[in-house]
Amino acid sequence: MNWDAISSIAEVIAAIGVILSLLYVGRELRQSNLMARSATRQEINAAVNNWSMGIATSPTLSDDFAKVQIDGLIRDDASDAQKMRIGYALFAMINQQLYAYQQWKEGIISENELNEIFGPGSANILTTAYLHSVWPIIRLSFPSEFAEWFSERYQLNDETKE
């Protein structure tokens, strides 16, 4: 038997083995990415649900947010206690959006996934006159790139909406 032919056959078999290994690693990497995306979406959704349930199960906070959403309460008209409760609740919700924004910027979640997580339900509270009245203060607590994105997304533009 010709040793050159055997060597060539061995090289072809080795090349096929390398290709199959690369395909397997690619498949495993894709599966790992899907799992990371799913875990991130689940974590963000859990935080949003916890935030929502926190408001729903707190008579005082739910009353405060009803005044914000239904009655158009703004910061200047809120009591000191309302300013604290609403301010911390808004900060927590915006902080959740910061986390999701960072995941989106890093390519972990898509823009569609970001929009699905923070869709029309969260937009209700984030387009209120109250948020417009406190955004110039709250925005200083967030990275400037995120603050600009958030301002554009919810049309805040550092102005009070009345």
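That block above? That's the structure.
Please read these numbers as outputs of a predicted model, since none were measured by experiment.

A.B. asks: I'd like to hear about helix H2 (residues 59-69), residue by residue, with values.
C.D. replies: Those residues of H2 lying buried are Leu61, Asp64, Phe65 and Val68. Projected down its long axis, H2 carries its buried residues within an arc of 95°, all on one side.

A.B. asks: How would you sum up the pattern of salt bridges? Please name residues and give values.
C.D. replies: All chains considered together, the criterion is met by five salt bridges. Of the charged contacts in the structure, one is a salt bridge between Asp63 and Lys67, with a shortest N-O distance of 3.2 Å. Here Asp63 and its partner Lys67 are both found in helix H2, four residues apart, which amounts to about one turn of the helix. Residue Asp63 is classed as partly exposed on the basis of its relative accessible area, which comes to 38%. The partly exposed category is assigned to Lys67, whose relative accessible area is 29%. For Lys105, the salt bridge goes to Glu145, with nearest N and O atoms at 3.2 Å. Of the two residues, Lys105 sits in helix H3 (residues 80-105) while Glu145 sits in helix H7 (residues 144-153), which places them 40 residues apart along the sequence.

A.B. asks: Describe unusual backbone geometry, naming the residues involved and giving the relevant values.
C.D. replies: Located in the positive-phi region is Gln155, a residue other than glycine, with phi close to 50°. By the element assignment, Gln155 lies in the segment after H7.

A.B. asks: I'd love a proper account of a nonpolar patch on the surface, names of residues and values included.
C.D. replies: Side chains of Val12, Ile16, Ile19, Leu20 and Leu23 sit close together on the surface and give an oily, nonpolar patch of about 490 Å² of accessible area. By secondary structure assignment, the location of Val12 is in helix H1 (residues 3-56). Residue Val12 is classed as partly exposed on the basis of its relative accessible area, which comes to 48%.

A.B. asks: Run through the packing of H3 against H7, naming residues and quoting values.
C.D. replies: Where H3 meets H7, the closest approach of the two axes is 11 Å, and the angle between their N-to-C directions is 105°. Taken as axis vectors, H3 and H7 run roughly perpendicular relative to one another. Between H3, through Ile94, Gln97, Leu98, Tyr101, Trp104 and Lys105, and H7, the contact on the second element is made entirely by Glu145, Phe146, Trp149, Phe150 and Arg153. Partitioned by chemical class, the residues of the contact of H3 with H7 number seven nonpolar, one polar and three charged.

Cut-offs applied
Residues numbered from 1 in each chain as written. Predicted model: local features only at pLDDT ≥ 70, side-chain atom pairs only at ≥ 80, totals over all residues. Heavy atoms only, no water. Buried < 20%, exposed > 50% of the residue type's maximum accessible area, 1.4 Å probe, protein only. Helix = DSSP H or I, 4+ residues; strand = E, 2+ residues; numbered from the N terminus. Arc of directions from axis to C-beta. Salt bridge = Lys/Arg side-chain N within 4 Å of Asp/Glu carboxyl O. Patch = residues over 30% accessible without salt bridge, like charges linked within 9 Å, V, L, I, M, F, W, Y side chains within 5 Å. Areas by Shrake-Rupley, 256 points an atom, 1.4 Å probe, with all protein chains shown as cover. Axes fitted to C-alpha atoms, helices over the stretch in contact; angles between N-to-C directions. Parallel < 35°, antiparallel > 145°, perpendicular 65-115°, else oblique. Contact = heavy atoms within 4.5 Å. Nonpolar A, V, L, I, M, F, W, Y, C, P; charged D, E, K, R; others polar.

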